[in-house]
Amino acid sequence: MARRALITGITGQDGSYLAEHLLEQGYEVWGLARGQANPRVSRMRRLLSDVRVVRGDLLDQGSLISAVERVQPDEVYNLGAISFVPMSWEQAELTAEVTGMGVLRMLEAIRVCSGVSRGGSSGPDGQIRFYQASSSEMFGQVSETPQTERTAFHPRSPYGVAKAYGHFLTQNYRESYGMFAVSGILFNHESPRRGAEFVTRKVSLGVARIKLGLATELRLGNLEARRDWGFAGDYVKAMHLMLRAAAPEDYVIGTGRMKSVRELVEAAFSAVGLDWERYVVTDQTLHRPAEVDLLCADPKKARVQLGWEPRVSFDELVAMMVESDLRLLADGADPHDDSWP
Ligand code: NAP
Ligand code: G4F
């Protein structure tokens, strides 16, 4: 019988790539979707017609219990979150509820539905395996570079704090109840399906608009921040490998290479033969109350234990995103609502 996966955050970037990957592996894939008329559900259904949808919300414990009871999953991937860091200062309580407490509600739904009590559960094969989408934002003001599974957390945003809560809680349910519950500490990963609010997509869309004569400038915040950027399609494979591993462990997932926002901008403009300095305007209002200056993964454990390695390079990723946005805009699509290549 096919394995069954339940994915929260199915309408997001990672949910779409993970669903594609699991369908290719022969899984029956269910996506948890919220809202009575969420337009992102229709967008997801157009791309992924084989995904089955179950209604639920990370703010609503009962809905998660009902979803787990209905789907009877072998694996649950908790990707749902308020994931945009600046929004977490504006709506800190909502971020804590969805990104932090949502993890507790999902773990409780699994615990209650599997009848797991303290001191261990019925054994590894009867268990629902749980993946938590932890984030390199938990490292925040980093104490060492590169960051490993053992690097201390010093989150710099309400989002990072909420993710740290979810991370420790996942570890705690593993230790308290013997659950197969793991966290992937993923560094920034991007794609043509990335939300337009994140810097890589903002840049690829901005470059495409300028190239097509639809805009004359691109306003950005801190150009000196450095990130370890990879391709989302590579990273979802690591999530799956973590849940198929022999033992439940946490892993850092990234490329091990850092680039600045300035280098990102240079690469994106040069992909269409333009000089970025003629178009980019820096805007103080886009700077953050507390910045994470540099994030760089040490993904050695994932390479050695899971056999996972990123395939798409930074330059390939930037070119892929710019080309995709050029096509999208040339076709007249509006990247803010209905456009997933
Ligand atoms: P994304 O595109 O922003 O997707 C977020 C998803 O969360 C959407 O499907 C959204 O659904 C869902 N969601 C929001 N509020 C919800 C609620 N109350 N109940 C249920 N679902 C809710 O994020 P992503 O880039 O795919 O990232 C996936 C996960 O990985 C997130 O947890 C993120 O924090 C984490 N992460 C991402 C990165 C990265 O670089 N991409 C790195 C590290 C960790 P709606 O359509 O209903 O809004
Ligand atoms: O693309 P960003 O908004 O991503 P950020 O804050 O690193 O968060 C992403 O990655 C995390 C993993 O580390 C995830 F957990 C999280 O969910 C999300 O997916 O910003 C990247 C950098 C920041 O330093 C920001 O200050 O780009 C800088 N930046 C400069 N100008 C900008 C802009 N970011 C945005 N969004 N918009 C700008 O105009």
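Residues numbered from 1 in each chain as written. Chains lettered and ligands numbered in written order. Predicted model: local features only at pLDDT ≥ 70, side-chain atom pairs only at ≥ 80, totals over all residues. Heavy atoms only, no water.

Engineer: Would you mind going over the environment of E263 with me for this structure?
Structural biologist: Residue position: E263 is located in helix α9 (residues 261-271). For E263, a relative accessible area of 32% puts it in the partly exposed group. Distance in space between the C-alpha atoms of E263 and V318 is 11 Å, their sequence separation being 55 residues. Excluding residues within four positions of it along the chain, E263 makes contact with M258 and F314. (Helix = DSSP H or I, 4+ residues; strand = E, 2+ residues; numbered from the N terminus. Buried < 20%, exposed > 50% of the residue type's maximum accessible area, 1.4 Å probe, protein only. Contact = heavy atoms within 4.5 Å.)

Engineer: Looking at this structure, I do not really get the site of ligand 2. What am I missing?
Structural biologist: The immediate surroundings of ligand 2 are formed by 23 residues, with S135, S136, Y159, R288 and E291 found nearest. A distance of 2.9 Å is found between an oxygen atom of ligand 2 and a backbone nitrogen or oxygen belonging to V199. In the complex, 95% of the free accessible area of ligand 2, which totals 710 Å², lies under the protein chains. Taken together, the residues of the shell around ligand 2 sort by class into 10 nonpolar, six polar and seven charged. (Near = heavy atom within 4 Å. Polar contact = N/O pair within 3.5 Å; in protein donor to acceptor, adjacent residues only side chain to side chain. Areas by Shrake-Rupley, 256 points an atom, 1.4 Å probe, with all protein chains shown as cover. Nonpolar A, V, L, I, M, F, W, Y, C, P; charged D, E, K, R; others polar.)

Engineer: Would you take a moment to explain the site of ligand 1 for this structure?
Structural biologist: Close to ligand 1 lie 26 residues, the nearest being T11, R34, R40, S83 and Y159. The side chain of T11 places a nitrogen or oxygen atom 2.5 Å from an oxygen atom of ligand 1. Coverage of ligand 1 by the protein amounts to 92% of the 900 Å² it exposes when considered alone. Looking at the shell around ligand 1, the elements with two or more residues in it are α1 (13-24), β5 (129-135) and α6 (158-177). With three residues, β5 is the single largest residue contributor to the shell around ligand 1. Here the shell around ligand 1 is built from residues that sort into nine nonpolar, 11 polar and six charged.

Engineer: Looking at this model, I keep getting lost on the packing of aromatic side chains. Mind explaining?
Structural biologist: Aromatic rings considered in pairs are described by the distance between their centres and by the relative angle of their planes. The tally for this structure, following the rule as stated, stands at 10 aromatic pairs. Considering the side-chain rings of Y235 and W308, the 5.4 Å spacing of their centres and the 90 degrees angle between planes classify their relative orientation as edge-to-face. You can see Y235 sitting in helix α8 (residues 232-244) and its partner W308 sitting in the loop between α10 (300-306) and α11 (314-330), a full 73 residues away along the chain. Here Y235 and W308 have matching classes, each one buried. Of the aromatic side chains, those joined through ring pairs into one cluster are F139, F153, F168 and F187. (Phe/Tyr/Trp six-rings, centres within 6.5 Å; stacked < 30°, edge-to-face > 60°.)

Engineer: Please explain the pattern of salt bridges as it appears in this structure.
Structural biologist: Evaluation of the coordinates by the stated rule reveals 15 salt bridges. Where R219 meets D283, a salt bridge forms, and the shortest distance between an N and an O atom there is 3.3 Å. With R219 in strand β8 (residues 218-220) and D283 in the loop between β13 (280-282) and α10, this residue pair connects regions lying 64 residues apart in the sequence. Overall, the relative accessible area of 16% leaves D283 in the buried class. Measuring nitrogen to oxygen at the nearest pair gives 2.3 Å for the salt bridge that ties R262 to E224. Here the residue R262 occupies a position in helix α9, and E224 occupies one in the loop between β8 and β9 (226-227), the gap between them amounting to 38 residues. (Salt bridge = Lys/Arg side-chain N within 4 Å of Asp/Glu carboxyl O.)

Engineer: Could you clarify how one ought to interpret the pairing of strand β1 (residues 4-8) in this entry?
Structural biologist: Most of β1 is tucked away: five of the five residues are buried. Both faces of β1 are covered, namely the face carrying R4, L6 and T8 and the face carrying A5 and I7. Bridge count for β1 against strand β2 (residues 28-33) is five bridges, and the pairing is parallel. Across the sheet, I7 pairs through a bridge with G31, a residue of β2. Once you follow β1 into α1 and on to β2, the crossover reads as right-handed. (Pairing = 2+ DSSP bridges. Right-handed = clockwise from strand over helix to strand, strands pointing away.)

Engineer: Got a minute to help me understand α11 in this structure?
Structural biologist: Given 3.6 residues per helical turn, the α-helix brings residues three or four places apart onto the same face. Helix length check: α11, at 17 residues, gives a terminal C-alpha distance of 24 Å against a target of 24 Å (1.5 Å per residue), a fit within 8%. Among the residues of α11, those classed as buried are F314, L317, V318, M321, V322, S324, D325, L328 and L329. Taken end-on, α11 shows its buried residues confined to a sector of 165 degrees, consistent with a single buried face. α11 presents D315, R327 and A330 as exposed residues on the side facing more than 90 degrees away from its buried surface. Close packing links the buried residues of α11 with β7 (189-190), α7 (199-211), β10 (230-231), β12 (259-260) and α9. Count one or two residues on from α11 and you reach G332, which has phi positive near 85 degrees. (Expected span 1.5 Å × (residues − 1). Arc of directions from axis to C-beta.)

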